[in-house]
Every structure is written in structure tokens, then in C-alpha cells.
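Remarks on the overall topology
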Amino acid sequence: GAFILIISFLGYCGAIKESRVLLTAYGIFLIIIFALQITLILLCTLYKSQADHHSKGFLKSTLSKYYTTGDNKDAVTLSWDLIMAQMSCCGVDGYEDFRTARLFVEKSSAEGLGRQVPESCCILTGDHLLLNPADPSCIISPTQSNSYLSTGCYTKFSFMVTENLNLVIGAVVVVAATQMLAIIFSFCLCRAVGQERDYYYKY
């Protein structure tokens, strides 16, 4: 975010001050970002299975190391709760992921309720942000009828991307086209500034 802000500031200052140096720097940074994005897309396409493996491993590690329950939830727990509640899924691959979530297991044992899953894995009623299970016994005895215990968030997300592939491709094309236009305009403006200054010094 800060990097994008700095680059945008370069372009803004370059245009206002009619500085060829700043406009050139802005254009070069945009080219670098564009090249990195293309490289990332190609690498993800060529090494999809490895990318899937590492992505899933990272998500599982955040769940097993940081996910907890109770009143004092951290940012990771709140993020997971939001994802699971909104996407109607449970864990990375399913409810069994919570058996290896150390903090979750410790807090659940201290509760003494026999909790198996968090509220966000249950079928919710009302505002999903409030995490109110339609069946209060869901956290203790999750089933296919009262929870999403077998629906992993990774599989659900992959399915959503595949299902909306045309929209994803369209978004990527629009972003790439916008970046290309910004690169072209920055160098055109830089050239125009140079020609204007040459004319001024000549006459």
C-alpha cells in the first residue's frame, strides 16, 4: 500500500511540476510492477500444484498456531471467523483442522463445553457477524444439517474462482490495460514536457 502511494505521488508531482525525472521514474516503476505481475501469473500457472500446496500449508499454519476462541480473539481469529461465516465453510479442509489448532483446543478444554468447532463453522442465523448458530448444539455436535463441517474454505474458494473465471480474467485484463495506459501516458507527457522545454530554450 505504501509502495503504491509513493509511486502515485511520484506521478502526481511529476505531472504538476512537469518534471521529466519524476515522470520517467513513475513510468519505470509502473513497468516493473507490470512485469512482476506478469511473472507472478506465469509462475502460478506453471507451478499451480506447488502454489496450491504452499498456500494451503500457510493457511493451515495460521489456523493451528493462532486460531482461538473466547472473548479475547486476535486479528487472525477474527479474520478466519469472518471468512468462514461469509463463505459458509469450516477450516481449510474441514472441521478436523481445529483438532490441531493448539490455542483453540486449550481454550475449548478450559471452557468445559466439549466444543468441537467454533460458531463460525455452524449454520448461522441473523447477522453473520454476530456468529449466532441456528442450532446452539452445533459447536458440541456438528453435523451436516447444522454446520459446514465437511466444507473446507480452500476448496470453496477454489470453486468460486473457477465458477467466476470469466470475471477474474476480465478484472486482470482491465487492471493490466489501465497500467499500460498509465505507462504510455507518463512517457507521452514526459516527451511533451521535453519538447516544450526545448522549444522554450530554442526561442
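Look up: the structure comes first, before these words.
Residues numbered from 1 in each chain as written. Predicted model: local features only at pLDDT ≥ 70, side-chain atom pairs only at ≥ 80, totals over all residues. Heavy atoms only, no water.

**Observations concerning helix α2 (residues 20-46)**
Note: α-helices contain 3.6 residues per turn, so residues at a spacing of three or four share the same orientation. Between its first and last C-alpha atoms α2 spans 39 Å; for 27 residues at 1.5 Å apiece the expected length is 39 Å, and the two agree. All of the buried residues along α2 are Leu23, Tyr26, Gly27, Leu30, Ile33 and Phe34. (Helix = DSSP H or I, 4+ residues; strand = E, 2+ residues; numbered from the N terminus. Expected span 1.5 Å × (residues − 1). Buried < 20%, exposed > 50% of the residue type's maximum accessible area, 1.4 Å probe, protein only.)

**Quick notes on a nonpolar patch on the surface**
Together, Ile38, Ile41, Leu42, Leu43, Leu46, Tyr47, Leu165, Val168, Ile169, Val172 and Val173 line one region of the surface with nonpolar side chains, adding up to about 980 Å² of accessible area. By the secondary structure assignment, Tyr47 is in the loop between α2 and α3 (48-66). (Patch = residues over 30% accessible without salt bridge, like charges linked within 9 Å, V, L, I, M, F, W, Y side chains within 5 Å. Areas by Shrake-Rupley, 256 points an atom, 1.4 Å probe, with all protein chains shown as cover. Salt bridge = Lys/Arg side-chain N within 4 Å of Asp/Glu carboxyl O.)

**Some remarks on the nonpolar core**
In terms of nonpolar packing, the biggest core is built from 21 residues, with Leu63, Tyr67, Trp80, Met84, Phe98, Cys121 and Cys122 touching the most fellow members. Every element with two or more residues in this core is listed here: α4 (75-87) and α6 (153-163). Looking at which element gives the most residues to this core, the answer is α4, with 4 residues. Leave out the neighbours within four places in its chain, and Tyr67 touches Thr62, Thr77, Trp80, Asp81, Met84, Phe98, Leu103, Phe104, Pro118 and Ser120. (Core = buried A, V, L, I, M, F, W, Y, C linked by side-chain atoms within 4.5 Å. Contact = heavy atoms within 4.5 Å.)

**A few points about unusual backbone geometry**
The backbone phi angle of Ser88 is positive, close to 55°, even though this residue is not glycine. With respect to the secondary-structure elements, Ser88 resides in the loop between α4 and α5 (102-111). Here Leu131, not a glycine, exhibits a phi torsion of approximately 55°, which is positive. Position of Leu131 among the secondary structure elements: in the loop between α5 and α6. Residue classification places Leu131 among the buried positions, given a relative accessible area of 15%.

**Describing the packing of α4 against α6**
With their axes 11 Å apart at the nearest point, α4 and α6 run at an angle of 55° to one another. Judged by the angle between their axes, α4 and α6 are oblique. As for how α4 packs across α6, the hand of that crossing is left-handed. Residue-level contacts link Trp80, Ile83, Met84 and Met87 of α4 to Cys153, Lys156, Phe157 and Met160 of α6. Along the lines of polarity and charge, the residues of the contact of α4 with α6 split into 7 nonpolar, no polar and 1 charged. (Axes fitted to C-alpha atoms, helices over the stretch in contact; angles between N-to-C directions. Parallel < 35°, antiparallel > 145°, perpendicular 65-115°, else oblique. Left-handed = near helix turned anticlockwise from the far one by under 90°. Nonpolar A, V, L, I, M, F, W, Y, C, P; charged D, E, K, R; others polar.)

**Examining the state of the cysteines**
In the structure shown here, the tally under the stated rule is 3 disulfides. Paired through a disulfide, Cys90 and Cys121 show a sulfur-sulfur distance of 2.0 Å. Taking the torsion about the S-S bond as the criterion, the Cys90 to Cys121 disulfide, at about 85°, is right-handed. Highlighted residues: Cys90 in the loop between α4 and α5 and Cys121 in the loop between α5 and α6, separated in sequence by 31 residues. Here Cys90 matches Cys121 in class, with each residue buried. One disulfide in the model links Cys122 with Cys138; its S-S distance is 2.1 Å. Between Cys122 and Cys138 the sulfur-sulfur dihedral comes to about -100°; the bridge is accordingly left-handed. Here Cys122, found in the loop between α5 and α6, pairs with Cys138, found in the loop between α5 and α6; they are 16 residues apart in sequence, far enough to count as distant. (Disulfide = S-S within 2.5 Å.)

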